[in-house]
Amino acid sequence: MKHFISLHDVQNVQELVQEGIRQKANRFADQELGKNKTIGLIFFNQSLRTRLSTQKAAENLGMKVLTMNVGQDSWQLEMEDGVVMNGDKAEHVKEAAAVIGSYCDIIAVRAFAGLKDRDADYQEIVMEKFRQYSGVPIINLESATRHPCQSLADLITIEEVKKTARPKVVLTWLPHFKPLPQAVANSFAEWVNQTDYEFIITHPKGYDLAPEMVGNAKVIYDQDEALKGADFVYGKNWSSYTHYGQVLSTDPSWMITQEKMALTNNGVFMHCLPVRRNLKVSDYVLDNQSVVVQQAANREWSAQAVLKTILTNM
Ligand code: CP
């Protein structure tokens, strides 16, 4: 694996999940692998879990870590080619990515969707520019359309928690008043589609994800019907893909409550975090029926599995 921008960079998903589980069991086994290597963590957006877990994973492997918040610690970066740079962006990504690549052996980038122009977001311009100009491996720390480090941690968590070989996994849309990206839901669907789990997606009409992300998953517009017998309920809000970036519903009946969880097979609730309590999911579910902290903790092992695989192939 040279880059980790999306699932398409991964040769064997199950092997990477198992690598994460192995790293968790023996976190310092490969601490010589990253010796004298540096990773740059480049954030265009805020983060709690991604920033800390990736730093920790890199340090477990013996790497040095540089972190930069673009636009706060650095100049604002221009992404378009051929423009007259007479606005607020003082540096072009061509130079910036190349310079960061001269300091770092691996660059990890977070850059969310703008949610204004679907074609632009789905072209993954920031990831592509860093891949094109940096000259080093790129790791996606959540881009416009995907969050693969999260999805890998999610699969590690399901493998740890599942009680049957082929659990029923339901991805459900949750209500929210702000337009949020599709990245986490897209990525989760894409990765679960690589497993043999039974996989259902449920959301109100108008919230269909991109067809290439839905894949072979069954889509059910009735949430109660979808939740019946679920072993895992993965909650996430996303804005509309078809009416791009719009909030079409804030229907509170889609919030996950104790009553909704009673429809499941004694299932557990999952969410990537951060999550707004009693808007998307009730206090009771988060405090008694969720594995959200285990999921977040597994971000360290997901990042470590990815870094180990890239370092081994350098
Ligand atoms: N789940 C996740 O990516 O969390 P942060 O946005 O806090 O990094």
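Residues numbered from 1 in each chain as written. Predicted model: local features only at pLDDT ≥ 70, side-chain atom pairs only at ≥ 80, totals over all residues. Heavy atoms only, no water.

## Some remarks on the overall build of the chain
In step 1: Regarding its fold elements, the chain presents 12 helices and 11 strands.
In step 2: The C-alpha atoms of the chain give 19 Å as radius of gyration, which agrees with the globular expectation for 314 residues (20 Å, within 12%).
In step 3: The 314 residues of the chain split such that 56% are buried.
In step 4: Put simply, 77% of the contacts in the chain that link residues at least 6 apart link residues at least 24 apart. (Helix = DSSP H or I, 4+ residues; strand = E, 2+ residues; numbered from the N terminus. Rg over C-alpha atoms; globule rule 2.2 N^0.38 Å. Buried < 20%, exposed > 50% of the residue type's maximum accessible area, 1.4 Å probe, protein only. Contact = heavy atoms within 4.5 Å.)

## Quick word on the UniProt feature "domain: Aspartate/ornithine carbamoyltransferase Asp/Orn-binding" (unreviewed entry) in the chain
In step 1: Following the UniProt record, the feature "domain: Aspartate/ornithine carbamoyltransferase Asp/Orn-binding" (unreviewed entry) maps to residues 184–309 here.
In step 2: Here residues 184–309 is 37% helix and 13% strand, with 22 Å between the C-alpha atoms at its ends. (UniProt positions renumbered as here; feature names shortened; annotations may be inferred.)

## Notes on the domain arrangement of the chain
In step 1: One can read the domain layout of the chain as domain 1 (7–146 + 298–312) and domain 2 (150–296).
In step 2: Averaged C-alpha coordinates put domain 1 and domain 2 at centres separated by 25 Å.
In step 3: In this complex, domain 1 contributes 29 residues to the contact, which on the side of domain 2 involves 34 residues.
In step 4: Of the roughly 2,600 Å² buried where domain 1 meets domain 2, counting both sides, 62% is carbon and sulfur surface. (Domains from an automatic or database assignment. Buried area = accessible area lost by both parts, 1.4 Å probe.)

## Some details on the pattern of salt bridges
In step 1: Evaluated as defined, the whole model comprises 15 salt bridges.
In step 2: Lys 308 serves as the salt-bridge partner of Glu 19, at 3.3 Å between the closest nitrogen and oxygen. A residue pair is termed long-range when its members are at least 10 positions apart, and Glu 19 in helix H1 (residues 13–25) and Lys 308 in helix H12 (residues 292–312) qualify at 289 residues. We note that Glu 19, like Lys 308, is buried.
In step 3: In this structure, Arg 277 engages Asp 283 in a salt bridge whose closest nitrogen and oxygen atoms are separated by 2.9 Å.
In step 4: On the basis of relative accessibility, which here comes to 43%, the residue Arg 277 falls in the partly exposed class.
In step 5: Through salt bridges that share partners, Glu 15, Glu 19, Arg 22, Asp 30 and Lys 308 make up one connected network. (Salt bridge = Lys/Arg side-chain N within 4 Å of Asp/Glu carboxyl O.)

## Points about the nonpolar core
In step 1: Of all hydrophobic cores here, the largest spans 53 residues; its most connected members are Phe 4, Ile 139, Leu 171, Trp 191, Phe 199, Ile 201 and Leu 307.
In step 2: Residues lining this core come from more than one domain, with at least three contributed by each of domain 1 (7–146 + 298–312) and domain 2 (150–296).
In step 3: Not counting chain neighbours up to four residues away, the residues in contact with Phe 4 comprise Asp 9, Val 10, Leu 16, Ile 138, Ile 139, Asn 140, Pro 148, Cys 149, Trp 191, Val 306 and Ile 310.
In step 4: Core analysis: the second largest hydrophobic core is formed by 19 residues, Ile 5, Val 70, Cys 104 and Ile 107 among them. (Core = buried A, V, L, I, M, F, W, Y, C linked by side-chain atoms within 4.5 Å.)

## Concerning the site of the ligand
In step 1: In the region of the ligand, the neighbouring residues are Ser 47, Leu 48, Arg 49, Thr 50, Arg 110, His 147, Gln 150, Cys 272, Leu 273 and Arg 299.
In step 2: A distance of 2.9 Å separates a nitrogen atom of the ligand from a polar backbone atom of Cys 272.
In step 3: One of the backbone nitrogen or oxygen atoms of Leu 273 is found 2.9 Å away from a nitrogen atom of the ligand.
In step 4: When isolated, the ligand has an accessible area of 250 Å², and the protein chains bury 93% of it.
In step 5: Partitioning the shell around the ligand into residue classes produces 3 nonpolar, 4 polar and 3 charged.
In step 6: Mapped onto the domain boundaries, the shell around the ligand takes at least three residues apiece from domain 1 (7–146 + 298–312) and domain 2 (150–296). (Near = heavy atom within 4 Å. Polar contact = N/O pair within 3.5 Å; in protein donor to acceptor, adjacent residues only side chain to side chain. Areas by Shrake-Rupley, 256 points an atom, 1.4 Å probe, with all protein chains shown as cover. Nonpolar A, V, L, I, M, F, W, Y, C, P; charged D, E, K, R; others polar.)

## Focus: the UniProt feature "binding site: N(2)-succinyl-L-ornithine" (unreviewed entry) in the chain
In step 1: Listed under "binding site: N(2)-succinyl-L-ornithine" (unreviewed entry) in the UniProt record, and renumbered for this structure, are Glu 142, His 176, Lys 236 and Arg 276.
In step 2: Of note, Glu 142 is situated in the loop between strand E6 (138–140) and helix H6 (148–161).
In step 3: Since its relative accessible area comes to 9%, Glu 142 is described here as buried.
In step 4: Excluding its chain neighbours within four sequence positions, the residues that come into contact with Glu 142 are Val 109, Arg 110, Ala 111, Phe 112, His 147, Ala 183 and Val 184.
In step 5: Structurally, His 176 can be placed in the loop between strand E7 (168–173) and helix H7 (183–192).
In step 6: On the accessibility criterion, His 176 (4% relative accessible area) is buried.
In step 7: Apart from the residues lying within four places of it in its own chain, the contact partners of His 176 are Asn 237, Val 247, Ser 249, Thr 250, Arg 276, Leu 279 and Lys 280.
In step 8: Engagement of the side chain of His 176 in a polar contact is seen with the backbone nitrogen of Lys 178, the distance being 3.0 Å.

## A short note on H7
In step 1: Counting buried residues in H7 gives 10 out of 10 residues, a clear majority hidden from the surface.
In step 2: All of the buried residues along H7 are Ala 183, Val 184, Ala 185, Asn 186, Ser 187, Phe 188, Ala 189, Glu 190, Trp 191 and Val 192.

## A few points about the packing of H1 against H6
In step 1: The contact between H1 and H6 brings their axes to 9 Å, and the two run at 75°. Accordingly, the angle class assigned to the pair H1 and H6 is roughly perpendicular. Facing H1, whose interface residues are Val 13, Leu 16, Val 17, Gly 20, Ile 21 and Lys 24, H6 presents Leu 152, Leu 155, Ile 156, Glu 159 and Glu 160.
In step 2: Its residues assigned to classes, the contact of H1 with H6 shows 7 nonpolar, 1 polar and 3 charged. (Axes fitted to C-alpha atoms, helices over the stretch in contact; angles between N-to-C directions. Parallel < 35°, antiparallel > 145°, perpendicular 65-115°, else oblique.)

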